[in-house]
Amino acid sequence: MSGITVNRRQVMLTAASVAAGMILPTGGIAFAQAASTAQSINASGNVGYYRFRVGDISATVLSDGLIGGPPQIYASDAPEAELEKVLRQAFLPTDHLTLNLNTLLIETNGRRILIEAGAGQTMGPLGGRIFDNLAAIGLRPDDIDIVVISHTHPDHVGNLRTADGGKAFPRATVFAPLADWDFFITNDPDLSYMPVPEDFRRHFAAAIRQSLAPVTGDIELYEAGTEIVPGLTTLPALGHTPGMANFLVHSGNDQLLLTADLAYHPIVNIDHSWLPGPDRDKETALASRRRIFDMAAADRLPVLGFHFPFPGLGRMLKTDTGYAWVPANWQF
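In short, a report on the structure. (Residues numbered from 1 in each chain as written. Predicted model: local features only at pLDDT ≥ 70, side-chain atom pairs only at ≥ 80, totals over all residues. Heavy atoms only, no water.)

## Things to note about the overall build of the protein
Using the following cut-off: A run of H or I in DSSP counts as a helix once it spans at least four residues, and a run of E counts as a strand once it spans at least two, with each numbered from the N terminus. The buried label goes to any residue with under 20% of its type's maximum accessible area, the exposed label to any with over 50%, and the partly exposed label to all in between, with areas taken from a 1.4 Å probe on protein chains only. Pairs of residues are marked as contacts when any of their non-hydrogen atoms sit within 4.5 Å.
Along its length, the protein carries nine helices and 14 strands. Looking at the protein residue by residue over its 332 residues, the buried ones come to 55%. A fraction of 71% describes how many contacts in the protein between residues 6 or more apart in sequence connect residues 24 or more apart.

## Re the sheet that holds strand β9 (residues 232-236)
Here is the rule we go by: Two strands make a pair as long as DSSP finds a minimum of two bridges between them. For helices, the fitted axis covers only the stretch in contact; all axes are lines through C-alpha atoms, and the angles between them, taken along N-to-C directions, range from 0 to 180 degrees.
Spatially, seven strands are ordered β8-β9-β10-β11-β12-β13-β14 in an open sheet, and the strand pairing comes out mixed. The strands lining the two open edges of the sheet, one partner per strand, are β8 (227-229) and β14 (323-327). Direction aside, the axes of adjacent strands within the sheet are offset by 35 degrees on average. Note that β8 and β9 share two bridges and pair antiparallel. Bridged to Val 229 within β9 is Leu 232. In this fold helix α9 (residues 282-298) packs onto β9, β10 (245-251), β11 (254-258), β12 (302-304), β13 (313-318) and β14, with an angle of close to 100 degrees to the strand it touches most, β13.

## Some remarks on the pattern of salt bridges
Stated formally: By definition, a salt bridge exists where a carboxyl oxygen of Asp or Glu is found within 4 Å of a side-chain nitrogen of Lys or Arg.
A full pass over the atoms with the stated rule returns nine salt bridges. For Asp 142, the salt bridge goes to Arg 140, with nearest N and O atoms at 3.4 Å. Arg 289 is the partner of Asp 279 in a salt bridge, and the nearest nitrogen-oxygen pair spans 2.7 Å. Placement of Asp 279 in the loop between α8 (266-269) and α9 and of Arg 289 in helix α9 is noted, with a sequence separation of 10 residues between them. We note that Asp 279, like Arg 289, is buried. Residues joined by salt bridges that share partners form a network here, namely Glu 198, Arg 201 and Arg 202.

## Quick notes on the environment of Tyr 222
Summarising the element assignment, Tyr 222 is placed in strand β7 (residues 220-222). For Tyr 222, a relative accessible area of 1% translates into the label buried.

## Re the sheet that holds strand β2 (residues 57-69)
Sheet architecture is open: seven strands sit in the order β1-β2-β3-β4-β5-β6-β7, paired in mixed fashion. In this open sheet, the two strands that pair with only one neighbour each are β1 (49-54) and β7. Ignoring which end each strand starts from, the neighbouring axes of this sheet average 25 degrees apart. Relative to the sheet, helix α6 (residues 178-186) contacts β6 (173-177) and β7, its axis offset from that of β6 by approximately 80 degrees.

## Description of the packing of aromatic side chains
Keep this limit in mind: Aromatic rings from Phe, Tyr and Trp, taking only the six-membered ring of Trp, are treated as a pair when their centres fall within 6.5 Å; an angle between ring planes under 30 degrees marks them as stacked, one over 60 as edge-to-face, and anything in between as tilted.
Scanning the entire structure with this criterion turns up nine aromatic pairs. Each ring, one from Tyr 74 and one from Tyr 264, has its centre 4.9 Å from the other, and the planes form 50 degrees; the classification is tilted. One end of the pair, Tyr 74, is in helix α2 (residues 71-74); the other, Tyr 264, is in the loop between β11 and α8, with 190 residues separating them in the sequence. Side by side, Tyr 74 and Tyr 264 carry an identical accessibility label, which is buried.

## A short note on the side chain of Asn 159
Following the sequence through the fold, Asn 159 ends up in the loop between α5 (154-157) and β6. The buried category is assigned to Asn 159, whose relative accessible area is 4%. The contact partners of Asn 159, leaving out residues within four places of it in the chain, are Asp 64, Ala 117, Gly 118, Ala 119, Gly 120, Gly 128, Ile 130, Phe 131, Ala 168 and Phe 169.

## Comments concerning α9
Quick reminder of the rule: Multiplying one less than the number of residues by 1.5 Å gives the expected span of a helix. It is the directions from the helix axis to the C-beta atoms whose arc is reported.
With 17 residues, α9 extends 24 Å from end C-alpha to end C-alpha; this agrees with the ideal 24 Å at 1.5 Å per step. Among all positions of α9, only Ala 285, Leu 286, Ser 288, Arg 289, Ile 292, Phe 293, Ala 296 and Ala 297 are buried. Taken down its axis, α9 places every buried residue within 160 degrees of arc, on the same side. Exposed residues pointing more than 90 degrees away from the buried face of α9 are listed as Glu 283 and Ala 298. Phi for Arg 300, located one or two positions after α9, is positive at around 55 degrees.

## Here's the deal with helix α7 (residues 198-212)
The end-to-end C-alpha distance of α7, which contains 15 residues, comes to 22 Å, matching closely the 21 Å that a straight helix rising 1.5 Å per residue would cover. Structurally, α7 contributes buried residues whose contacts are with α5 and α6.

## Structural notes on the packing of α6 against α7
Using the following cut-off: Roughly parallel means an angle under 35 degrees; roughly antiparallel means over 145; roughly perpendicular covers 65 to 115; every other angle is labelled oblique. Here the nonpolar group is Ala, Val, Leu, Ile, Met, Phe, Trp, Tyr, Cys and Pro; Asp, Glu, Lys and Arg are the charged ones; every other residue, Gly included, is treated as polar.
At a minimum axis separation of 10 Å, α6 and α7 run at an interaxial angle of 110 degrees. One finds that α6 runs roughly perpendicular with respect to α7. In this structure, α6 contributes Trp 181, Phe 184 and Ile 185 to the contact, and α7 contributes Ile 208, Arg 209 and Leu 212. In terms of residue class, the contact of α6 with α7 is built from five nonpolar, no polar and one charged.

Shown next as structure tokens:
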């Protein structure tokens, strides 16, 4: 592929090989609950946004809904009996682990920046709530100036594409990691490492390409360590994907660390240190996890977990055996 300049320079690509229309993944990991369940969640009246501040930066967690799958996928090295015991003790089902989709909107220096786009319908019927939650705080998709993606898995890029194939955030510049683009878009990705059926892997790869198709002509590719805008810095967090980044939102003395998919759920990946099955390079991912969790614990940083129970905010505590997740108190 030619015409790429890294670090916020325009990338000219062709999307001719990208098929039209989203493909919904099927198989063990897909979140497939009955429509009545989705309707009951919609009718609950619970809010899907949470406002707070990081120094002078206004921040809002916007839920895109839920995904999930068999717990063993997210705790690949956990003994089955022990995993079931841990889930029961946490009052969680033993056959399905529900994951949230916590995107973050920050408003700084006159710009609205969305960190992670969310899944849309690429990973099951309970995603795609971000647009309703934007509307609930008085915003439309064309009010977003920048969308920054930690890595290009479908649950992080699915909402970039409208149902008719257009840009869901029509004015936004989209930033994505260069190494992920090379792995998932430029080349045909080998997803044999994923502990899911082969048909799911095919749909997973197709969903990435289709979600990113509307922005291939003007996407900005970055390498982790880049400052996207003043107050938003990317941190290397490689292993889950070739280019996954974490984010540090900072203003004055205040900071917020976004850990993307370093951990899927606090119960299985923090309070217990079991390894996520979807990590492409488990050793590198483990090293990234320890390095960033150690930093979060040592510096007492507020943390936002993308898949953690909404709104996903808390702190990392270092223990004798590893780490513990301490959810933040709700602010009114």
